[in-house]
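Inside the fold
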Amino acid sequence: MNILIAGATGKTGLRLVNQLKNSGHSPVALVRGSSNTSSLPQGVEQRQADLTDLQSGVCDGCDAVIFAAGSGGSTGPEMTDKVDRDGAKRLIDLASEAGVSRFVMLSSAGADDPDPESDLAHYLQAKHDADEHLKASGLNYAIVRPVSLTDEDGNRNMRFGGDVDPKGKAARGDVAAVLANAVEDSDWTGKALLMQSV
């Protein structure tokens, strides 16, 4: 499949691009003009676009889209809204326009019911709004909600849903593997599941 990846040069996105390529898919990296693309595997198609200002046609020719982008922990509420909420919603709409067959969202634990008292309240609300937009879009979707992320590769031993410890950890390598699997595994269709590494 031709799979568009938002956040392709990020810590999770790079792992995801490599996993998809190794599985025989054709990843398409959505990159900003200022992105460092030197770590992307050779031969991977790049489409230049900015999540804060997405233009029509960005999803054309793609079978699936994976949103693995994030505004990052050092940006303020305004950029969180622009990328994690509005950018995601716009990409969902463009995917729908382009007839994409599946949209996989990297969300977050807590996004189903954001705690207004949480330090991450604004971020979780943005992710919640994007997730709800995806659910209402009519697209075939899957939503992955990892607990706290680590930069480890993980061992592909994971728990999902009600078995997840909210205070657990999720290795980025494991998260990438789940996103890659959720693109083609029908068991993920229409689901939003918590995920942790074991």
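A brief structural summary. Every chain is numbered independently, its residues counted from 1 as its sequence is written. Reporting of local features is limited, given that this is a predicted model, to residues whose pLDDT is at least 70; pairs of side-chain atoms are given and counted only at 80 or more, and all residues count toward the totals for whole chains, interfaces and linings. The side-chain figures draw on all heavy atoms in the structure; neither hydrogens nor water molecules are used.

A few points about the side chain of Asp-174
Formally: To qualify as a helix, a DSSP run of H or I must reach at least 4 residues; to qualify as a strand, a run of E must reach at least 2; elements of each kind are numbered from the N terminus. Here, two residues are considered to be in contact whenever any of their heavy atoms come within 4.5 Å of each other.
Relative to the helices and strands, Asp-174 resides in helix α4 (residues 172-184). Contact partners of Asp-174, with chain neighbours within four places excluded, come to Asp-153, Gly-154, Asn-155, Arg-156, Asn-157, Met-158, Met-195 and Ser-197.

Some thoughts on the packing of helix α2 (residues 77-97) against helix α3 (residues 121-135)
The test is simple: Orientation is described by lines fitted to C-alpha atoms, with helices fitted over the stretch in contact, and by angles between N-to-C directions that extend from 0 to 180 degrees. Geometric relationships in this document are graded by angle, where less than 35 degrees denotes roughly parallel, more than 145 denotes roughly antiparallel, 65 to 115 denotes roughly perpendicular, and other angles denote oblique. Residues are sorted three ways: Asp, Glu, Lys and Arg are charged, Ala, Val, Leu, Ile, Met, Phe, Trp, Tyr, Cys and Pro are nonpolar, and all the rest, Gly among them, are polar.
For the pair α2 and α3, interaxial distance at closest approach is 9 Å and the crossing angle is 10 degrees. Compared by their axis directions, α2 and α3 come out roughly parallel. For the pair α2 and α3, contact is made by Pro-77, Thr-80, Asp-81, Asp-84, Arg-85, Ala-88, Lys-89, Ile-92 and Asp-93 and by His-122, Tyr-123, Ala-126, Lys-127, Asp-129, Ala-130, His-133 and Leu-134, respectively. Split into classes, the residues belonging to the contact of α2 with α3 amount to seven nonpolar, three polar and seven charged.

A look at α2
Heads up, the rule is: Under the convention used throughout, the expected extent of a helix is 1.5 Å for every residue step, that is, one less than its residue count. Values of bend correspond, residue by residue, to the angle between axes fitted over the seven residues ending at that residue and the seven starting there. When a residue's accessible area, from a 1.4 Å probe over protein chains only, is under 20% of the maximum for its type it is buried; when over 50% it is exposed; and in between it is partly exposed.
For α2, which comprises 21 residues, the first-to-last C-alpha distance of 29 Å matches the rise-based estimate of 30 Å (1.5 Å per residue) to within 8%. Asp-86 marks where α2 bends most, by close to 35 degrees. All of the buried residues in α2 are Thr-80, Asp-81, Val-83, Asp-84, Gly-87, Ala-88, Leu-91, Ile-92, Leu-94 and Ala-95. Contacts from the buried residues of α2 go to β1 (2-6), β4 (64-67), β5 (102-106) and α3. Once α2 finishes, Gly-99 follows within two positions and takes phi at roughly 70 degrees, a positive value.

Focus on the packing of aromatic side chains
Centre distance and the angle of the planes are the two values used to describe a pair of aromatic rings. Here is the rule: Two rings from Phe, Tyr or Trp (for Trp, the six-membered ring) form a pair when their centres are within 6.5 Å of each other. A pair whose planes differ by under 30 degrees is stacked, one over 60 is edge-to-face, and the rest are tilted.
All told, the structure shown has one aromatic pair when counted by the stated rule. Ring geometry for Phe-160 and Trp-188: centres 5.7 Å apart, planes at 85 degrees, overall edge-to-face. Taken together, the residues span a long stretch of sequence, with Phe-160 in strand β8 (residues 158-160) and Trp-188 in the loop between α4 and β10 (191-197) at a distance of 28 residues. With a relative accessible area of 6%, Trp-188 lands in the buried category.

As for the pairing of β10
Formally: Strand pairing is defined by DSSP finding a minimum of two bridges between the two strands.
Of the strand pairs in this sheet, strand β6 (residues 141-146) and β10 are connected by five bridges, and their pairing is parallel. Within the sheet, the bridge partner assigned to Ala-142 lies in β10 and is Lys-191. Bridge analysis of β8 against β10 gives three bridges, and the strand direction is antiparallel. Among the inter-strand pairings, Met-158 is bridged to a residue of β10, identified as Ser-197.

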